[in-house]
Amino acid sequence: MFPRFSHARPTDLQAALALLEQASGRIHAGGTDLLGCLHDGVLTADTLVSLSNIAELKGISPSTENGLRIGAMTPIGAVAAHAGIRSTYSALAQAASVVANPPLRSQGTLGGNLCQKTRCWYYRGDFPCLRKGGDHCFAFEGENQHHAIFGGEGCYMVHPSDTAPALAALGATCRISGGGSSRSVPVDQFLMPALVDPQRETVLEPTEILTEILLPPAPPGLRSSYRKIRSRQAWDFALAGVALALQFDGNVVRSARVFLSGAAPMPWRAQGAEAVITGNSLNAQTITKAAAAAVEGAEPLQHNGAKVALFEGLVAESLETMG
Amino acid sequence: MANKPKTTDRERDGVTRRGFISTVGAGALGAATVGTSRAEAVPEITAPEAMVQIGLTINGRIHRLLVEPRWTLLFTLRERLGLTGTKVGCERGECGACTVLINGQPRYACMTLAVEAEGSQITTIEGLMDGEALGDVQQAFVNEDAFQCGYCTPGQIMAAEGLLQANPSPSTEEIRKGMSGNLCRCAAYHHIVRAVDSAADGRREGDDR
Ligand SMILES: Cc1cc2nc3c(=O)[nH]c(=O)nc-3n(C[C@H](O)[C@H](O)[C@H](O)COP(=O)(O)OP(=O)(O)OC[C@H]3O[C@@H](n4cnc5c(N)ncnc54)[C@H](O)[C@@H]3O)c2cc1C
Ligand code: FES
Ligand code: FES
């Protein structure tokens, strides 16, 4: 049984924002991450402000900029099944379709997927780690098979979301409301580096709500994909994943965005690989060089060295299927 | 629990509707009262100890009951309504023992607060019975010997029911993927896949008749 909390389920966004201001509440979207954290005592909550009855936060529709607007409360399964996303933004459809399993995809929301807490076993377990206000990351010298090989500044978690790298590769933007105004943050800047604030996973203020995710119009020649490797075939987080969004001009890649999941505390931009691919066709030589560049500078910990080879192979394989 | 939150003044007072209006800061109140009907739209925050009256539609019947905001649908079904067919496993979305249908889709009752289930159609394993007779998916699990200890079985059957409602003719691969949210410690997986397949066959034959 969870410790007691109060609960409100407003029907419009302004009411939800007002409740957050006055009640220091926690947002409840689908609850699939939140309730697990409350159950394990990782988080506490005085008040839950549920967004589940706010119709304006749900659904997928054309955006005013000729792209797509996805309400933050849209179920992950609906994102995976959406015909327009499958045809135009395949990386996102593929990522959404490999999140967890069917029940969790129909309950979990896209917004919640971006805002979820890390699955690091020290964070979820009984350890006073950096993210919970402690003074260090236990994974650095502990059991770190699943942890970061890039960007472990203070904390070596890997961000659990599959949709975040796909959205980052596609150049999506988060729309945020709160404090009487609204703002936009690109998905690749939505997550908070541990060096800046280890106790906040995202740039959201406690009184802010992520309201929608905007996909820009797809440029001509866009091809995108998301693949992940996991320890079992379903219901598992990425050991290594890669989202590609490449804009082709005939055979030549005019521009490239490559983001890794399971690599770092946030989707990790593989700029080295992007540079190798850009301006080239995806022949065997380019692919080998790009895959090597994707893992250049990796700093594996004691037990996760295998990830380096895993990423190199995965990036090569994903580029091969794209060419 | 060791790190239970401390009771705050607000919690002790309970945040009633009146409490909310009087404690809310001027800025937030301004936001909440845009137009004249906005204040009406801001719902009450129920006090943590308070019981909330809700109506749950379970297996076609409306149950009116008082629940605490922290009660899960799983707890409410089993401990308040006596519907013990839905099983308790991990209580954190990692096993599927608690699977029920919400608006026809398989969902984990342990990851759903009862207050969040209001307004939805809930189906539990009890709702698949046809009087004293087993429902067709249940019967298929018996025929195919699709369990050993049986603990995961109600959840497996609800997942199968949801899958077949969405996809009446699943391929073996689709069955495996569709059932991937339900673990079986006894590893009866082969028989489970066969049972779902045979239930699908049975329904198609029923439709053809
Ligand atoms: C067993 C299991 C396996 C999983 N496997 C995967 C996987 O393979 N890949 C993957 O990507 N994910 C996986 N997940 C994570 C799952 O996808 C997330 O739990 C889900 O996306 C969270 O969405 P939700 O709507 O349920 O969020 P909630 O649980 O309601 O919220 C999560 C957090 O985000 C905050 N939040 C939610 N929405 C908003 C918003 N709109 N604005 C501001 N803050 C918000 C909440 O306050 C909370 O802290 C798994 C989860 C489980 C339990
Ligand atoms: S008890 Fe709900 S998923 Fe395990
Ligand atoms: S039959 Fe024993 S857990 Fe599935």
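These numbers were taken from a predicted model, which means no experiment stands behind them. (Residues numbered from 1 in each chain as written. Chains lettered and ligands numbered in written order. Predicted model: local features only at pLDDT ≥ 70, side-chain atom pairs only at ≥ 80, totals over all residues. Heavy atoms only, no water.)

Asks: Any chance you could explain the pattern of salt bridges here in plain terms?
Replies: Side chains that differ in sign of charge can pair as their charged atoms come close. Under the defined criterion, the tally for this structure stands at 22 salt bridges over all chains. Through salt bridges with shared partners, a single ionic network connects A:Asp33, A:Arg119, A:Arg124 and B:Glu94. (Salt bridge = Lys/Arg side-chain N within 4 Å of Asp/Glu carboxyl O.)

Asks: Would you mind showing me how to read the interface of chain B and chain A here?
Replies: Reports often express the size of an interface as the amount of accessible area lost when the parts come together. The interface of chain B with chain A comprises 54 residues on the first partner and 44 residues on the second. Across the interface of chain B and chain A, roughly 4100 Å² is buried in total on both sides, 60% from carbon and sulfur atoms. When the area that chain B buries against chain A is broken down by residue, the three leading residues are B:Arg70, B:Met111 and B:Glu116, summing to 18%. Our enumeration of links across chain B and chain A arrives at four salt bridges. Residues B:Glu94 and A:Arg119 are paired through a salt bridge, measuring 3.8 Å at the closest nitrogen-oxygen approach. Applying the counting rule to chain B against chain A returns 11 residue pairs in polar contact (both at pLDDT 80 or more). Put simply, the parts of the chain that give the side of chain B that touches chain A at least two residues each are α1 (9-13), α2 (17-23), α3 (26-32), α4 (38-41), β4 (105-108), α6 (114-117) and α9 (172-178) of chain B. Of all the elements, β4(B) adds the most residues to the side of chain B that touches chain A, at four residues. The residue makeup of the side of chain B that touches chain A, split by class, is 26 nonpolar, 13 polar and 15 charged. (Contact = heavy atoms within 4.5 Å. Buried area = accessible area lost by both parts, 1.4 Å probe. Polar contact = N/O pair within 3.5 Å; in protein donor to acceptor, adjacent residues only side chain to side chain. Helix = DSSP H or I, 4+ residues; strand = E, 2+ residues; numbered from the N terminus. Nonpolar A, V, L, I, M, F, W, Y, C, P; charged D, E, K, R; others polar.)

Asks: So what exactly am I meant to see when it comes to the sheet that holds strand β4 (residues 60-62) of chain A here?
Replies: Two strands in a sheet stick together by hydrogen bonds in their backbones, pointing the same way (parallel) or opposite ways (antiparallel). All names here are of chain A. Spatially, β4-β5-β8-β6-β7 is the arrangement adopted by the five strands of the open sheet, whose pairing is antiparallel. Each edge of the sheet is formed by a strand with only one pairing partner; in this case those strands are β4 and β7 (181-186). Averaged over all pairs of adjacent strands, the angle between strand axes in this sheet comes to 25 degrees, irrespective of strand direction. By the bridge criterion, six bridges tie strand β6 (residues 173-178) to β7 in an arrangement that is antiparallel. Paired with glycine 178 across the strands is serine 181, a residue of β7. Across the sheet, helix α1 (residues 13-23) lies against β6 and β8 (209-215), angled at about 135 degrees from β8, the strand it touches most. (Pairing = 2+ DSSP bridges. Axes fitted to C-alpha atoms, helices over the stretch in contact; angles between N-to-C directions.)

Asks: Please clarify how the domain arrangement of chain A should be interpreted in this entry.
Replies: Residues and elements named next belong to chain A. Here chain A is described as being made up of domain 1 (1-53), domain 2 (55-116 + 157-215) and domain 3 (222-322). Between the C-alpha centres of domain 1 and domain 2 there is a distance of 19 Å. The partner domain 2 presents 18 residues to the 14 residues of domain 1 that form the contact. A buried area of about 1300 Å², summed over both sides, lies between domain 1 and domain 2, and 67% of it is on carbon and sulfur atoms. Put simply, domain 1 and domain 2 have zero salt bridges between them. Where domain 1 packs against domain 2, one counts four residue pairs in polar contact (both at pLDDT 80 or more). In terms of residue class, the side of domain 1 that touches domain 2 is built from seven nonpolar, four polar and three charged. (Domains from an automatic or database assignment.)

Asks: Whenever I open this one, the environment of B:Cys110 confuses me. Can you help?
Replies: Its place among the elements puts B:Cys110 in the loop between β4 and α6. Spatially, the C-alpha atoms of B:Cys110 and B:Thr76 are 10.0 Å apart, while their sequence positions differ by 34 residues. B:Cys110 has contacts with A:Leu35, B:Thr72, B:Leu74, B:Glu91, B:Arg92, B:Gly93 and B:Cys98, leaving out every residue within four places of it along the chain.

Asks: Got a minute to help me understand the site of ligand 1 in this structure?
Replies: Close to ligand 1 lie 35 residues, the nearest being A:Ile27, A:Gly31, A:Thr32, A:Leu34 and A:Thr109. At the site occupied by ligand 1, the surrounding residues belong to chains A and B. A:Thr109 is positioned such that a nitrogen or oxygen atom in its side chain is 2.6 Å from an oxygen atom of ligand 1. Take A:Asn113: an N or O atom from its side chain is 3.0 Å from an oxygen atom of ligand 1. For ligand 1, whose free accessible area comes to 980 Å², the fraction covered by protein is 96%. Elements with a contribution of two residues or more to the shell around ligand 1: β2 (26-28), α7 (110-115) and β8 of chain A. With three residues, the single largest contributor to the shell around ligand 1 is α7(A). (Near = heavy atom within 4 Å. Areas by Shrake-Rupley, 256 points an atom, 1.4 Å probe, with all protein chains shown as cover.)

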